[in-house]
Amino acid sequence: MSATTQTAPADVVVVGGGVAGLSAALSAAERGPDGARVVLLEKADESQAGGNTAWTDAYFRLADVYEPADGFVDDMIAFSQGKTEKAYVETLVDQLPHAMEWVQGHGVRFQRRATYFVTASKPRMMPVGGGEALVRSLTQACRERGVDIRYSAPAVGLERTDDGFLVTTGGPQPDRISSRACIVASGGFEGDRDRLAQHMGEHARAMKPIAPGGQFNTGDVIDLVVGLGGATSGEWSNFHGEPVDSRSTQAEASVMVFPYGILVNNRGERFADEGIGTVDETYEDIARAILDQPDVAAYLVSDATFDTVPGIERGLLTDRKPVRADSIAELASELGLDPDALASTVDAFNAAVRDDHDFDPKAPDGRATEGLEPAKSNWAVRIDTPPFVGIPLTTDIVFTYGGLATDERGQVVDDQGAVLPGLYAAGECTGVYYHKYPGATSVLRGLVFGRIAGASAAAEVLQQA
Ligand SMILES: Cc1cc2nc3c(=O)[nH]c(=O)nc-3n(C[C@H](O)[C@H](O)[C@H](O)COP(=O)(O)OP(=O)(O)OC[C@H]3O[C@@H](n4cnc5c(N)ncnc54)[C@H](O)[C@@H]3O)c2cc1C
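About the cut-offs
Residues numbered from 1 in each chain as written. Predicted model: local features only at pLDDT ≥ 70, side-chain atom pairs only at ≥ 80, totals over all residues. Heavy atoms only, no water. Near = heavy atom within 4 Å. Polar contact = N/O pair within 3.5 Å; in protein donor to acceptor, adjacent residues only side chain to side chain. Areas by Shrake-Rupley, 256 points an atom, 1.4 Å probe, with all protein chains shown as cover. Helix = DSSP H or I, 4+ residues; strand = E, 2+ residues; numbered from the N terminus. Axes fitted to C-alpha atoms, helices over the stretch in contact; angles between N-to-C directions. Parallel < 35°, antiparallel > 145°, perpendicular 65-115°, else oblique. Left-handed = near helix turned anticlockwise from the far one by under 90°. Contact = heavy atoms within 4.5 Å. Nonpolar A, V, L, I, M, F, W, Y, C, P; charged D, E, K, R; others polar. Core = buried A, V, L, I, M, F, W, Y, C linked by side-chain atoms within 4.5 Å. Buried < 20%, exposed > 50% of the residue type's maximum accessible area, 1.4 Å probe, protein only. 1 Å grid on protein atoms, 1.4 Å probe; cavity = no way out; pocket = protein on both sides within 12 Å on 5 of 7 lines; lining within 4 Å. Points joined across faces, edges and corners; volume = space filled by probe spheres on them.

(A) Summary view of the site of the ligand. Close to the ligand lie 37 residues; E42, T53, N217, E428 and S442 are nearest. Interatomic distance of 2.8 Å between a side-chain N/O atom of T56 and a nitrogen atom of the ligand. Between an oxygen atom of the ligand and a side-chain N or O atom of E428, the distance comes to 2.6 Å. When isolated, the ligand has an accessible area of 1,000 Å², and the protein chains bury 98% of it. At the level of secondary structure, the elements contributing two or more residues to the shell around the ligand comprise α1 (19-30), β16 (388-400) and α10 (442-464).

(B) Summary view of the packing of α1 against helix α4 (residues 130-144). Between α1 and α4, the shortest axis-to-axis distance is 9 Å and the interhelical angle comes to 25 degrees. With respect to each other, α1 and α4 are oriented roughly parallel. α4 is crossed by α1, and the crossing has left-handed handedness. Each of V19, L22, S23, A25 and L26 in α1 lies in contact with α4, whose residues at this interface are L134, V135, L138, T139, A141 and C142. Residue classes in the contact of α1 with α4 are distributed as nine nonpolar, two polar and no charged.

(C) View of the nonpolar core. One finds V12, V38, F60, M100 and L444 to be the most contacted residues of the largest nonpolar core, which totals 64 residues. No other element matches the ten residues that α10 contributes to this core. Beyond its immediate chain neighbours, meaning those up to four positions away, F60 contacts M100, F110, P123, R124, M125, P127, L134, A440, V443, L444 and L447. In terms of nonpolar packing, the next biggest core, distinct from the first, is built from 61 residues, F189, A204, V221 and I391 among them.

(D) Local environment of the layout of surface pockets. Of the pockets and cavities examined, the largest pocket occupies roughly 310 Å³. Lining of the largest pocket is provided by 19 residues; of these, E46, A49, V135, R136 and T139 occupy positions nearest its centre. At six residues, the largest contribution of residues to the lining of the largest pocket is made by α4. By residue class, the composition of the lining of the largest pocket is eight nonpolar, six polar and five charged. Looking at the second largest pocket, its volume works out to about 230 Å³. Lining the second largest pocket are 13 residues, and of these E85, Y88, S233, T406 and G431 sit closest to its centre. When the residues that make up the lining of the second largest pocket are grouped by side-chain class, the tally is five nonpolar, four polar and four charged.

(E) Broad picture of empty space enclosed by the protein. Following the criterion strictly, the structure yields three cavities of 30 Å³ or more and no others. Computed from the structure, the second largest cavity encloses a volume of approximately 60 Å³. Surrounding the second largest cavity, Y260, G261, S302, D303, T305, F349, F359, K376, W379, V381, R382 and I383 form its lining. Tallied by class, residues from the lining of the second largest cavity come to six nonpolar, three polar and three charged.

(F) Structural detail: unusual backbone geometry. Residue P374 is reached from E373 by a cis peptide bond, and omega for that bond is -10 degrees. Tracing the chain through its elements places P374 in the loop between α9 (339-352) and β16. At the junction of P386 and P387, the peptide bond is cis and its omega measures out at 5 degrees in the coordinates. In this structure, P387 sits in the loop between α9 and β16. Its identity is not glycine, yet A58 carries a phi of approximately 70 degrees, on the positive side. With respect to the helices, strands and loops of the structure, A58 is situated in the loop between β2 (38-41) and β3 (62-64). What makes A58 buried here is its relative accessible area of 1%. The phi dihedral of Q81 falls on the positive side, at around 55 degrees, and the residue is not glycine. Mapping Q81 onto the fold places it in the loop between α2 (72-79) and α3 (86-105). Judged by relative accessible area, which is 55%, Q81 ranks as exposed.

Coordinates in, geometry out; function isn't part of it.
What follows is the structure, encoded as structure tokens:
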């Protein structure tokens, strides 16, 4: 076992090297004439660093580079059923043009690119090169600013001292670092199945992180901050997930084409309205509904219509081809389903399809079922023409909703709303989401509030100097 060392004190220690942590470290290091002395601790080794951020395409809920999508504030609050703090969302919108300008100044470029949603209600922008490019550019800028980035250095202890904090790291070179301020940006707890089960019920244990970056986000640093008096926020029993191809082992093998067929569980029964709205606004509900099915298993079942949908390949992120068969019985046996059960479900669905609207794969078309439970509200087309198509599905977790409570400066607050001096948090480890995730806001908020937390922490410690 290596001996614990104690390195020179820092002004700011940042825990976590995704978009939130890198933005925080960089903005702290840029503050004032000389910048703050910043140490960034990253649990993963350098080849695996970057957290969830490194694995995402990183869609931003923006109409243009500096312009939030229509209804941004209202949607974020409405999706949370009024629970997300308005002040937080307003700060996000107010600060996003500055953060976008800042990150472009560090070499990140943005583009408008077609999303993987064949139907979408909101526009999206993304960094060229996705989250990986964001991590690369911010890491390089941190290095140029003298941030001391330490990989394979998980924070395992956080204590308050007379003049700040003592952060203990584990890993191959354990260390104790004293710092005036600490910014926690260590992601959610999607990488810890025990914690998922504790907060969401035993069935949540079945979910794996949708990409390798999520495995490091285990929630232990959130607990350390709670131990120092930090309050929690966000819906701890909820998560953001995606329906994925259960045969695939690749990251984000998502299947975003469920409106063009029916979904059945492993008893061959339907369990959700597959056409309740545009895919971007409904895929999370579908992922949750799949989590509630036996063995967290579902099957998309369609027919020749599937191949007529323009752009269908965009919604199939999986590397595996759909199963194709000449009959429903054959499809059932290929998928491991009971042929009679599947045939009876398909027959009941076909009988309920109304023909009073034309099928329009690009927008909610009002082509619904009648008298069927659960209904299909749009894109209801009979499944009767070979080749029949099937894709086995499960639910992967993207991130958790529960986290730390912070104010608009990124400062951690206690149960009474009073700030904990010197202690900041940003990104997934802060809890703002409830009920339904307003898509394409997580990287954006990590960037905006990481930058805010870094500047606020540096201002606090440099003022005291
Ligand atoms: C496949 C995929 C697609 C996604 N698509 C989108 C999208 O299009 N738009 C969008 O907005 N969001 C998307 N997301 C979500 C988004 O990527 C993340 O929520 C966001 O990047 C989180 O940023 P973060 O900095 O808070 O956390 P992360 O990027 O996860 O970084 C947290 C870091 O903390 C480190 N860490 C954890 N514990 C410790 C510790 N004890 N000590 C030191 N370091 C620690 C981790 O190793 C990790 O590097 C997607 C996510 C995935 C995986």
